[in-house]
Amino acid sequence: MTSPNLPTISFEFFPTKTDAGHEKLLATARQLAEYQPDFFSCTYGAGGSTRDRTLDTVLQLDGEVKVPTAPHLSCVGDSKAELRALLERYKNAGIRRIVALRGDLPSGMGMSGGGELRYANELVEFIRAETGDHFHIEVAAYPEMHPQARNLEDDLANFVRKARAGADSAITQYFFNADSYFYFVERVRRMGVELPIIPGIMPITNYSKLARFSDACGAELPRWMRKQLEAYGDDLQSIQAFGEQVITQMCERLLAGGAPGLHFYTLNQAEPSLAIRNNLGFAR
Ligand code: FAD
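Predicted, not measured: the structure shown is a model, and the values here were computed from it.

## Observations regarding helix α10 (residues 271-279)
All of the buried residues along α10 are Pro272, Ser273, Leu274, Ile276 and Arg277. Taken together, the buried residues of α10 touch β1 (8-13), α1 (19-33), α9 (236-256) and β8 (261-265). Positive phi shows up at Gly281, right after α10, with a value of about 70 degrees.

What follows is the structure, given as structure tokens:
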């Protein structure tokens, strides 16, 4: 595992719907495991749509691939009884880290989708009340502001609420502007919150998917990057080479500026994240 001076490295996966997808996920995870990451994490479909698949994937990554794995858990759409049962399963399986989120319900399910907890700070409180200090709790942070927040001040106050509810550290939404991260961290520190805030890193592999995804989650793709990526058209190789260079440079800046680690959104692919990690020259 990481020495105190090395940045933490973690990789995120999503549970797949097919056996073939799952086999690919495991192959990716085994490849990434060789680099001794600090942890893996696995996403959860709000409302419980991936409840069993997330659970099975987490237990397999943790137990068979042997990298400590953190399930994501979201509270909208899940009852307290459902959340309690999941926490119990994870605790009994020896899982020690959890990523606690509000989640986004598919449109048409209303704001809560029948869930009893409305915001992530309530989920953090619930996990602490149910399981004490058993879990290291990660929460989400938004250097470019959560898309539904009224303004940055509100969003910062809501982030601090999660910290005060008992979160241990945070992982950010991805961004392509390092200054937004530094500004966010500075503001949070001025509000008296010291927890580690780990940048979430999205490798660039496909322009149209990235543009769609970024619009939906409120991550800004800077004009100069958009124009350059558009200019490559269907030339995936150039898109990936450009993406690797730009993201590596951003990671270098983040780490030099004090970011305590990097969390890669792998989209279940090893190479794009590994290329960046290797460019950064981490010794393990
Ligand atoms: P919250 O912290 O609850 O914030 C949501 C919004 O409500 C913000 O605008 C905030 O300012 C506001 N708010 C917060 N607390 C309060 C309060 N007490 N009163 C009033 N307003 C408040 N989604 C999934 O469905 N599954 C996943 O596995 C998943 N993994 C993610 C991992 C990471 C690292 C990140 C960054 C995001 C992930 N998401 C996932 C997306 C996330 O669920 C959405 O961004 C969701 O819209 C917000 O979740 P949150 O936990 O940040 O919510």
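## A few points about the pairing of strand β7 (residues 197-201)
Of all the 5 residues making up β7, 5 are buried; the element is thus mostly covered by neighbouring parts of the structure. Residues Ile197, Pro199 and Ile201 of β7 are buried on one face, and the alternating residues Ile198 and Gly200, pointing to the opposite face, are buried as well. As judged from the 3 bridges shared by strand β6 (residues 169-174) and β7, these two strands associate in the parallel manner. Bridging from a neighbouring strand, Tyr174 pairs with Gly200 of β7. Traced from β6 through helix α6 (residues 178-190) to β7, the parallel crossover comes out right-handed. Inspection of the sheet shows β7 paired to β8 by 2 bridges, in the parallel sense. Bridged to Ile201 within β8 is Phe264.

## Here we look at the pattern of salt bridges
Two side chains of opposite charge can pair, provided their charged atoms sit close to one another. Tallied over the entire structure, the rule returns 12 salt bridges. As a salt-bridge pair, Arg51 and Asp78 come within 3.1 Å of each other at their nearest N and O atoms. In this pair, Arg51 is assigned in helix α2 (residues 51-63) and Asp78 in the loop between β3 (69-74) and α3 (80-92), connecting sequence segments 27 residues apart. Look at Arg51 and you get partly exposed, because its relative accessible area is 22%. A single salt-bridge network, built from bridges that share partners, covers Arg51, Asp78 and Glu82.

## Focus on the side chain of Arg102
Relative to the helices and strands, Arg102 is located in the loop between β4 (97-101) and α4 (120-131). A distance of 2.8 Å separates polar atoms of two side chains, one belonging to Arg102 and the other to Gln148. In contact with Arg102, not counting residues within four places along its chain, are Ser74, Cys75, Val76, Arg118, Tyr119, Ala120, His146 and Gln148.

## Structural notes on the packing of α3 against α4
In a pair of packed helices, the angle between the axes and the distance between the axes together describe the arrangement. Remark: α3 packs on α4, axes separated minimally by 11 Å, with the N-to-C direction vectors making an angle of 55 degrees. Taken together, α3 and α4 sit at an angle that is classed as oblique. The hand of the α3/α4 crossing is right-handed. When α3 is examined against α4, the residues Lys80, Leu83, Arg84, Leu87 and Lys91 are found in contact with a partner set consisting of Leu123, Phe126, Ile127, Glu130 and Thr131. For the contact of α3 with α4, a count of residues per class yields 5 nonpolar, 1 polar and 4 charged.

## What to know about the sheet that holds β1
Strands pair in a sheet through their backbones, by hydrogen bonds, and they do so in one of two ways: parallel or antiparallel. Here we have 8 strands rolled up into a closed barrel, ordered β1-β2-β3-β4-β5-β6-β7-β8, and parallel in their pairing. Going across the sheet, the axis of each strand differs from the next one's by a mean of 30 degrees, ignoring polarity. Pairing of strand β5 (residues 136-141) with β6 involves 4 bridges; the strand directions are parallel. What sits directly across from Ala140, in β6, is Ile171. Most of the contacts of α2 go to β3, to which it runs at about 165 degrees, and overall it touches β1, β2 (39-42) and β3. Relative to the sheet, α6 contacts β5, β6 and β7, its axis offset from that of β7 by approximately 160 degrees.

## Side note on the environment of Ala167
Checked against the element boundaries, Ala167 lands in the loop between α5 (152-164) and β6. In contact with Ala167, not counting residues within four places along its chain, are Val124, Ile137, Val139, Lys162 and Leu195.

## Here we look at the environment of Leu61
In this fold, Leu61 is placed in helix α2. Separated by 36 residues in sequence, Leu61 and Leu25 have C-alpha atoms that sit 9.6 Å apart. Contacts of Leu61, omitting those with residues within four sequence positions, involve Phe13, Leu25, Leu26, Ala29, Phe40, Lys66, Val67 and Thr69.

## Some words on the site of the ligand
The full set close to the ligand counts 24 residues, and Tyr44, Asp104, Tyr142, His146 and Asp155 are the nearest of them. Here His146 contributes a side-chain N or O atom positioned 2.7 Å from an oxygen atom of the ligand. One of the backbone N or O atoms of Ala149 is found 3.3 Å from an oxygen atom in the ligand. Isolated, the ligand exposes 960 Å² of accessible area, and the fraction of that covered by the protein chains is 86%. Of all elements in the fold, only α4, α5 and β6 reach the threshold of two or more residues within the shell around the ligand. For the shell around the ligand, the element with the most residues is α5, which contributes 4 residues. The residue makeup of the shell around the ligand, split by class, is 10 nonpolar, 9 polar and 5 charged.

Here is what the cut-offs are and how they apply
Within each chain, residues carry numbers counting from 1 in the order of the written sequence. Totals for whole chains, interfaces and linings use every residue, but because this is a predicted model, local features are given only for residues with pLDDT of at least 70 and side-chain atom pairs only at 80 or more, for both listing and counting. No hydrogens and no water enter the side-chain calculation; it runs on all heavy atoms of the structure. Relative accessible area decides the class of each residue, using a 1.4 Å probe on protein chains only: under 20% of the type maximum gives buried, over 50% gives exposed, and in between gives partly exposed. The numbering of helices and of strands both runs from the N terminus, where a helix is a DSSP run of H or I of at least 4 residues and a strand a run of E of at least 2. The criterion used for residue contact is that any of the two residues' heavy atoms lie within 4.5 Å. Strand pairing is defined by DSSP finding a minimum of two bridges between the two strands. The path from the first strand over the helix to the second decides the hand: if it runs clockwise while the strands point away from the viewer, the crossover is right-handed. A side-chain nitrogen of Lys or Arg and a carboxyl oxygen of Asp or Glu constitute a salt bridge if their distance falls within 4 Å. Whenever a nitrogen or oxygen atom comes within 3.5 Å of another N or O atom, the pair is scored as a polar contact, on the condition that within protein one atom can donate a hydrogen and the other can accept it, and that pairs from neighbouring residues in sequence are kept only if both atoms are in side chains. Only the contacting stretch of a helix is used when fitting its axis, a line to C-alpha atoms as for every element, and angles between N-to-C directions run 0 to 180 degrees. The labels follow the angle: roughly parallel below 35 degrees, roughly antiparallel above 145, roughly perpendicular from 65 to 115, and oblique for the rest. Two helices crossing with the near one rotated counterclockwise from the far one by less than a right angle form a left-handed crossing, whereas a clockwise rotation gives a right-handed crossing. Note that Gly is not counted as nonpolar here; it falls among the polar residues with everything else outside the nonpolar set of Ala, Val, Leu, Ile, Met, Phe, Trp, Tyr, Cys and Pro and the charged set of Asp, Glu, Lys and Arg. Any residue with a heavy atom lying within 4 Å of a molecule or strand is counted as near it. Methods summary: accessible areas were calculated by the Shrake-Rupley approach with a probe of 1.4 Å, and residue burial reflects only the protein chains presented.

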